[in-house]
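Architecture at a glance
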Amino acid sequence: MTNAAPMTATQKILARACQRSHVAPGEVIYPEPEWVIVHDGFVETAYKELHSLGYGSIAHPERVMFVTDHEVSYGSQRAVERGRNIRQIAKAWKVGQVYDAGRGGHGHIFPMEQGLVRPGMFLFAYDMHCTNFGAVGALAMAAGTEVTAVLATGSLWTRVPETVRIDLQGQLPRGSHARDVGFLLAHGFAQGRWGVEHDYRVIEFGGPGIDTLDLASRVALCNSITEMGVANVLFATPPPGVDTHGAPDFISDANAPYESRFDFDLGSVSPQVALPGGPDRAERLDKVLGQPIDHATLGACGSGMYQDFADAARLFQGQRVADGVRFFVVPGTAQTARRMADDGLTQIFLDAGAIMLPPGCGPCAGGSMAPLGPAEVSIATAATNHAGRFGAHDGQIYLGSPLTVAASAIAGCLADPRPLTPA
Amino acid sequence: MKASMTNPLTQRGRCHVFGDGIPLDEGVMAFKYAIGRITDPEQLIPHLFEDIDPTFAARVQPGDFVIAGRDFGCGKPHIQGFIAMAALHMGVLCTSMPYKAMRGAISKGLPVLTGCEGAAEFARNGDDIEVNFATGQAINHTQGTHKTFPAMPSVLQDIIAHGGAQGQLAAWLDAHAEQRAGAGAPSVMIDGTTVHLVRKAVVA
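Everything quoted here is computed from the prediction, not taken from an experiment.

Residue-level contacts link 27 residues of chain B with 25 residues of chain A. Within the residue set of the side of chain B that touches chain A, elements represented by two or more residues are α5 (99-107), α7 (154-161), α8 (165-175) and β8 (187-190) of chain B. With five residues, the single largest contributor to the side of chain B that touches chain A is α8(B). Residues that form the side of chain B that touches chain A fall into these classes: 23 nonpolar, three polar and one charged.

Below, the structure is given as structure tokens:
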């Protein structure tokens, strides 16, 4: 349709999800998802709520995917009971895809790896970090507790969001990472640096700089800016290696109606941390160098892809984890864990003194696994670092890139990865 | 779908005018009620806006309006304040509202009009106004003026007409009897409570 009004990628995906040729930002619609993803922390609650209303079945069980990433190894009797309940509920509701403990891995990663989530798809998910899927050009809206309505009725009212387009220029300097970009952007948006609104906006990344970012880097960037209140994060085009065969038109038109647009220079990015309290509390790493740590974690939904571990492992050549530091490595998925074992990455981490955890969220799911103790300090690639996220309420969690986490685990304190980063 | 109750799309009441940036925590309602997971409106109503207007609870009447500026309900999207306001059948006119707060209000059955530029000039504290949320038309009976604000999207009108998200889910089940629970399946134990996987329905 050559005369059709131009649309952003978000408009195109949402229009298709409600069988229309066009939707406009601000419209409230009922889009139908291709998948509804619910993790192990919420299945029972959803069941209880719908059961109390009298529901015996859900609208489109074949589209529903249960994933197990929060309590993977059942660290308590309650977790054992929860696992059993989830299996029973899945059976009663005839849920289409069930990834039990030890299967699949992180629900924000393995569906991309396995090609279940593909470019141009629309999904609903319970958990807000489903924005990861924007790395391959899929739009997953976080329904939160309202995912019960999606289960019951097959959809949920959704306001079509405006889009902020960020054109990435240049490329990252050695030792800098997409997570550092994410912290800078989250901080800049929170401070109003670019004079643009970000509440419930889709942040769309384009420009020549995106071609320098692999899938893991894109996931890291999508993940790092999620918690500032955006509606979603999307990359304008998928990276090489992502199958777009048969995908619908999901690319923003050249004259798409972006609400705002600005350039961001990747070449200006130095290593950052997010200070304890939130992913938007970016600070230059060199301002906090030397802060002693007790705990370090590599993995979780934003940095749990194979390339994240490969990049971090390169810093461990001949290096060991510092005494007094518990260094946890959490492969995002079962597939990544197998690949790491096959090609020697796991051996590198084990030789260095790391502790391998099962695929999933690791400590970031409330510290049910490998928690942080009172007044302890961690550096992690976790999705967020609010008080209590890793267990102890007064534990201090710094967020950093996989490179910064690796360098810090080796040094025993917050450390610059650049001296250890191979050219 | 059957309308179960509650908030009408046209209402008349007195105005309580607030400025920009009223937060949900320590603004609309103290955070302690959110962290205490209190959801009983009778417990919450006496504490509405008490941090910024200690006399509010004594003045407010069912059907009254909150008139607010930009970013009404900012901060963490806790819903205790909205539960109390919805139980009082209040309405909100504001310049803007963070999306998650707006979702929370609609979910609890509280009608809101956003994008109401000039609402604070249109209605002053104590004015008697009438608002049709479906059309955006507002009449100020005290001042003898009227103004048209952006209407509430029709999808959201439907949710408000059902008294919020729970009412809408109950109505969906009424219209989709095949999803209603039958009898004779095993049960699960959730937090010490036995929940039968399938049982005779109890619908509000």
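Turning our attention to the nonpolar core. Counting residues in hydrophobic clusters, the biggest one holds 200 residues, and the most contacted among them are A:Val36, A:Ile37, A:Leu123, A:Ala406, B:Ile67 and B:Leu93. In this structure, A:Leu123 is in contact with A:Pro33, A:Glu34, A:Trp35, A:Ile37, A:Val117, A:Cys130, A:Phe133, A:Ala138 and A:Ala140, ignoring residues within four places of it in sequence.

Residues and elements named next belong to chain A. Their axes nearest at 9 Å, the elements helix α2 (residues 43-52) and helix α3 (residues 77-93) cross at an angle of 55°. It follows that α2 is oblique to α3 by the angle criterion. The way α2 lies across α3 gives a crossing that is left-handed. The residues of α3 that touch α2, namely those facing Val43, Glu44 and Tyr47, are Arg82, Asn85, Ile86 and Ile89. Taken together, the residues that form the contact of α2 with α3 break down as four nonpolar, one polar and two charged.

Right, let's talk about the domain arrangement of chain A for a bit. Residues and elements named next belong to chain A. By domain assignment, chain A separates into domain 1 (9-159), domain 2 (162-241 + 257-268) and domain 3 (273-420). Distance from the C-alpha centre of domain 1 to the C-alpha centre of domain 2: 25 Å. At the interface, 14 residues of domain 1 touch 17 residues of domain 2. Residues that form the side of domain 1 that touches domain 2 fall into these classes: eight nonpolar, six polar and no charged.

Here we take up the sheet that holds strand β5 (residues 128-132) of chain B. On the basis of which strands lie adjacent, the open sheet formed by seven strands has the order β4-β3-β2-β1-β5-β6-β7 (chain B) and mixed pairing. Single-partner strands in this sheet number two, and they are β4 (112-113) and β7 (145-148) of chain B.

What follows covers the sheet that holds strand β2 (residues 35-39) of chain A. Residue and element names in this part refer to chain A. With parallel pairing, the five strands of this open sheet are ordered in space as β4-β3-β2-β5-β6. Lying at the two open borders of the sheet, with one neighbouring strand each, are β4 (97-98) and β6 (139-142). In this structure, strand β5 (residues 122-125) lies alongside β6, joined through four bridges in parallel fashion. Note that in β6 the partner of alanine 125 across the bridge is alanine 142.

Moving on, we come to the environment of A:Gly344. All names here are of chain A. Locating glycine 344 in the fold gives a position in the loop between α9 (334-343) and α10 (345-352). Of the residues examined, glycine 344 has 11 C-beta atoms within 10 Å and is grouped as exposed. Taking the C-alpha atoms as reference points, glycine 344 and alanine 310, 34 residues apart in sequence, are found 9.9 Å from one another.

This paragraph deals with the packing of helix α8 (residues 306-313) of chain A against α10(A). Residue and element names in this part refer to chain A. Remark: α8 packs on α10, axes separated minimally by 10 Å, with the N-to-C direction vectors making an angle of 45°. What the angle tells us is that α8 and α10 run oblique. Where α8 crosses over α10, the handedness of that crossing is left-handed. Residues Phe309, Ala310 and Ala313 of α8 touch α10, and the partners they reach there are Leu345, Ile348 and Phe349. Counted by class, the contact of α8 with α10 contains six nonpolar, no polar and no charged residues.

About the cut-offs
- Residues numbered from 1 in each chain as written.
- Chains lettered and ligands numbered in written order.
- Predicted model: local features only at pLDDT ≥ 70, side-chain atom pairs only at ≥ 80, totals over all residues.
- Contact = placed C-beta atoms within 7 Å.
- Helix = DSSP H or I, 4+ residues; strand = E, 2+ residues; numbered from the N terminus.
- Nonpolar A, V, L, I, M, F, W, Y, C, P; charged D, E, K, R; others polar.
- Core = buried A, V, L, I, M, F, W, Y, C linked by C-beta atoms within 7 Å.
- Buried ≥ 20, exposed ≤ 12 C-beta atoms within 10 Å, placed from the backbone.
- Axes fitted to C-alpha atoms, helices over the stretch in contact; angles between N-to-C directions.
- Parallel < 35°, antiparallel > 145°, perpendicular 65-115°, else oblique.
- Left-handed = near helix turned anticlockwise from the far one by under 90°.
- Domains from an automatic or database assignment.
- Pairing = 2+ DSSP bridges.

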